[in-house]
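Each chain, written out:
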Amino acid sequence: MRNFAQGRLARALIAVFAAALTVVGTSGLAVAKDDDRGGNTIQAVDTGHGPRPMRFVGAPGERNPGVYNFTFTNTDMEPHLIAWLKLSDEDASRAQIIAEIDKLHSADGIGPGKFFTELAGAPVFALPGQSLPGTEHFTSGRYVYFCPLQSSRTAPRHYKLGMLGTTEVEGE
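All of the points below concern the structure found in this document. Each chain has its residues counted from 1, following the order in which its sequence is written. The predicted origin of the model limits local features to residues at a pLDDT of at least 70 and limits the giving and counting of side-chain atom pairs to 80 or more, whereas totals for whole chains, interfaces and linings rest on all residues. Only heavy atoms go into the side-chain values, all of them from the structure, while hydrogens and water stay out.

1. Overview of the overall build of the protein chain
Part 1: Every helix listed is a DSSP run of H or I at least four residues long, and every strand listed is a run of E at least two residues long, numbered separately from the N terminus. On a plain count of helices and strands, the protein chain comes out with two helices and 10 strands.
Part 2: Secondary structure of the protein chain in N-to-C order comes out as α-β-β-β-β-β-α-β-β-β-β-β.
Part 3: Partly exposed residues are those whose accessible area sits between 20% and 50% of the maximum for their type, while under 20% is buried and over 50% is exposed, using a 1.4 Å probe and protein chains only. For the protein chain, buried positions account for 45% of its 172 residues.
Part 4: Residue pairs at least 24 apart in sequence account for 76% of intrachain contacts in the protein chain once pairs closer than 6 positions are excluded.
Part 5: If you sum the accessible surface of the protein chain, you get close to 8400 Å²; carbon and sulfur atoms cover 53% of it. Should any heavy atoms of two residues lie within 4.5 Å, those residues are considered in contact. Note on areas: Shrake-Rupley with a 1.4 Å probe; residue coverage comes only from the protein chains shown.

Listed below in C-alpha cells is the structure:
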C-alpha cells in the first residue's frame with residue numbers, strides 16, 4: 001500500500017513539475033523587486049464536510065507585485081502541495097480554470113500562448129504536520145493556486161475538492 005501511495009505521489013509531483021518547467025522554460029520566472037511582506041501562513045485543511053471539504057486557509061486574495069514569502073503548513077492527515085500559475089485569461093471562471101488544470105494531467109499539456117503563462121515560483125509540498133517555507137514572484141495579473149494531488153487513484157484531485165483559489169496582483 002505504501003509503495004502505491006509513494007508512486008501515485010511521485011507521478012503527481014512529476015506532472016506538476018513538468019508543467020512548471022514547460023511554463024518556466026518558455027516564459028522564464030518573473031524578476032521582481034523584493035516586496036516581502038513575510039510572516040504569512042497558508043494552511044492546508046480538510047473540514048471533512050460539504051461539497052468542497054479541502055481548502056487553503058490564509059492564501060492571499062490580493063497582492064502587490066513582488067516577492068511573497070510564506071509558510072505552508074499542512075494540518076491535514078495526507079500530503080498536499082500548493083502551486084501558483086499565472087492565467088492568460090483574467091476573466092476565466094472556476095469551471096474553465098479546473099478544465100485547464102485537468103489538462104496538466106493529460107497529453108495536451110500547457111505551453112506559451114495557452115491558458116497559463118508563467119509559474120510564480122516553486123511549488124511547495126508538505127507531508128502531514130509539516131510547515132515549510134515558500135517564495136512566489138508575482139507580476140501584475142491573476143494567478144490560480146491549487147493542489148494537484150489526489151487521495152487515491154479513483155478519488156478526485158484536491159483542487160476539485162476545494163483546494164483552489166485565485167490571487168489578484170495589481171500595481172507596478
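Next, the rest of the story.
2. Let's talk about the side chain of His80
Part 1: Secondary-structure assignment places His80 in strand E5 (residues 80-87).
Part 2: When its relative accessible area of 0% is taken as the criterion, His80 is described as buried.
Part 3: Definition of a polar contact: a pair of N or O atoms within 3.5 Å, with one able to donate and the other able to accept a hydrogen when the atoms are protein atoms, and with sequence-neighbouring residues admitted only if both atoms are side-chain atoms. At 2.7 Å, the side chain of His80 forms a polar contact with the side chain of Asp76.
Part 4: Looking at His80, its side chain comes within polar contact range of the side chain of His158, at 3.0 Å.
Part 5: Filtering out sequence-adjacent residues up to four positions away, His80 remains in contact with Ala44, Met54, Phe72, Asn74, Val124, Phe125, Ala126, Cys147, Leu149, His158 and Met163.

3. Here we look at helix H2 (residues 94-103)
Part 1: What H2 keeps buried is the set Ile97, Ile98, Glu100 and Ile101. End-on, the buried residues of H2 take up no more than an arc of 165°, which puts them together on one face.
Part 2: If you follow the buried residues of H2, they end up packed against E5, strand E6 (116-119), strand E9 (141-146) and strand E10 (164-169). For this quantity, the arc is that covered by the directions from the helix axis to the C-beta atoms.

4. Structural notes on a negative patch on the surface
Part 1: Among the surface-exposed residues, Glu62, Asp89, Glu90, Asp91 and Glu170 lie close enough to one another that they form a single negatively charged patch.
Part 2: Note on placement: Asp89 falls in the loop between E5 and H2.
Part 3: By relative accessible area, which is 31% here, Asp89 ends up partly exposed. To count toward a patch, a residue needs a relative accessible area above 30% and no salt bridge. Like charges then connect within 9 Å, nonpolar side chains (Val, Leu, Ile, Met, Phe, Trp, Tyr) within 5 Å. For this document, the term salt bridge refers to a Lys or Arg side-chain nitrogen within 4 Å of an Asp or Glu carboxyl oxygen. In this tally, Asp and Glu contribute negative charge and Lys and Arg positive charge; neither His nor the terminal groups of the chain are included. Just so you know, the charge point we use is NZ for Lys, CZ for Arg, CG for Asp and CD for Glu.

5. What about the nonpolar core?
Part 1: Ranked by internal contacts, the top residues of the largest apolar core, which has 23 residues, are Ile42, Phe56, Phe70, Phe72, Ile82, Trp84 and Phe138.
Part 2: The greatest single-element share of this core, amounting to four residues, is contributed by E5.
Part 3: Dropping the residues within four chain positions of it, Phe72 is found in contact with Ile42, Ala44, Phe56, His80, Leu81, Ile82, Val124, Ala126, Gln130, Ser131 and Leu132.
Part 4: For the purposes of this section, nonpolar cores are sets of buried Ala, Val, Leu, Ile, Met, Phe, Trp, Tyr and Cys residues that join through side-chain atoms within 4.5 Å. Ile97, Ile98, Ile101 and Phe115 belong to the second largest nonpolar core, which has 14 residues in total.

6. Considerations on the pairing of strand E2 (residues 54-57)
Part 1: With burial as the criterion, only one face of E2 is covered, namely that bearing Met54 and Phe56; the residues Arg55 and Val57 on the opposite face remain uncovered.
Part 2: Note: two strands are recorded as paired if DSSP finds a minimum of 2 bridges between them. With four bridges connecting them, strand E1 (residues 40-46) and E2 associate as antiparallel partners. Among the inter-strand pairings, Val45 is bridged to a residue of E2, identified as Arg55.

7. Some remarks on the side chain of His158
Part 1: Within the secondary structure layout, His158 lies in the loop between E9 and E10.
Part 2: A polar contact is formed between the side chain of His158 and the side chain of Ser151, at a distance of 3.4 Å.

8. Let's talk about the pairing of E9
Part 1: The buried fraction of E9 is high, at six of six residues.
Part 2: Residues Gly141, Tyr143 and Tyr145 line one face of E9 and the alternating positions Arg142, Val144 and Phe146 line the opposite face, and both faces are buried.
Part 3: Pairing of E5 with E9, which is carried by four bridges, proceeds in the antiparallel orientation. From the neighbouring strand, Trp84 faces E9, where its bridge partner is Tyr145.

9. Here we look at the packing of aromatic side chains
The relation between two aromatic rings is expressed through the spacing of the ring centres and the mutual angle of the planes.
Part 1: A pair of aromatic rings is counted whenever rings of Phe, Tyr or Trp (Trp by its six-membered ring) have centres within 6.5 Å, and the orientation is called stacked for planes under 30 degrees apart, edge-to-face for over 60 and tilted otherwise. Throughout the structure, instances matching the rule amount to 11 aromatic pairs.
Part 2: Considering the side-chain rings of Phe70 and Trp84, the 5.5 Å spacing of their centres and the 70° angle between planes classify their relative orientation as edge-to-face. Here Phe70 is found in strand E4 (residues 66-74), whereas its partner Trp84 is found in strand E5, with 14 residues between them in sequence.
Part 3: According to the relative accessible area criterion, Phe70 is buried, its value standing at 3%.
Part 4: Take Trp84: its relative accessible area is 0%, and that puts it in the buried class.

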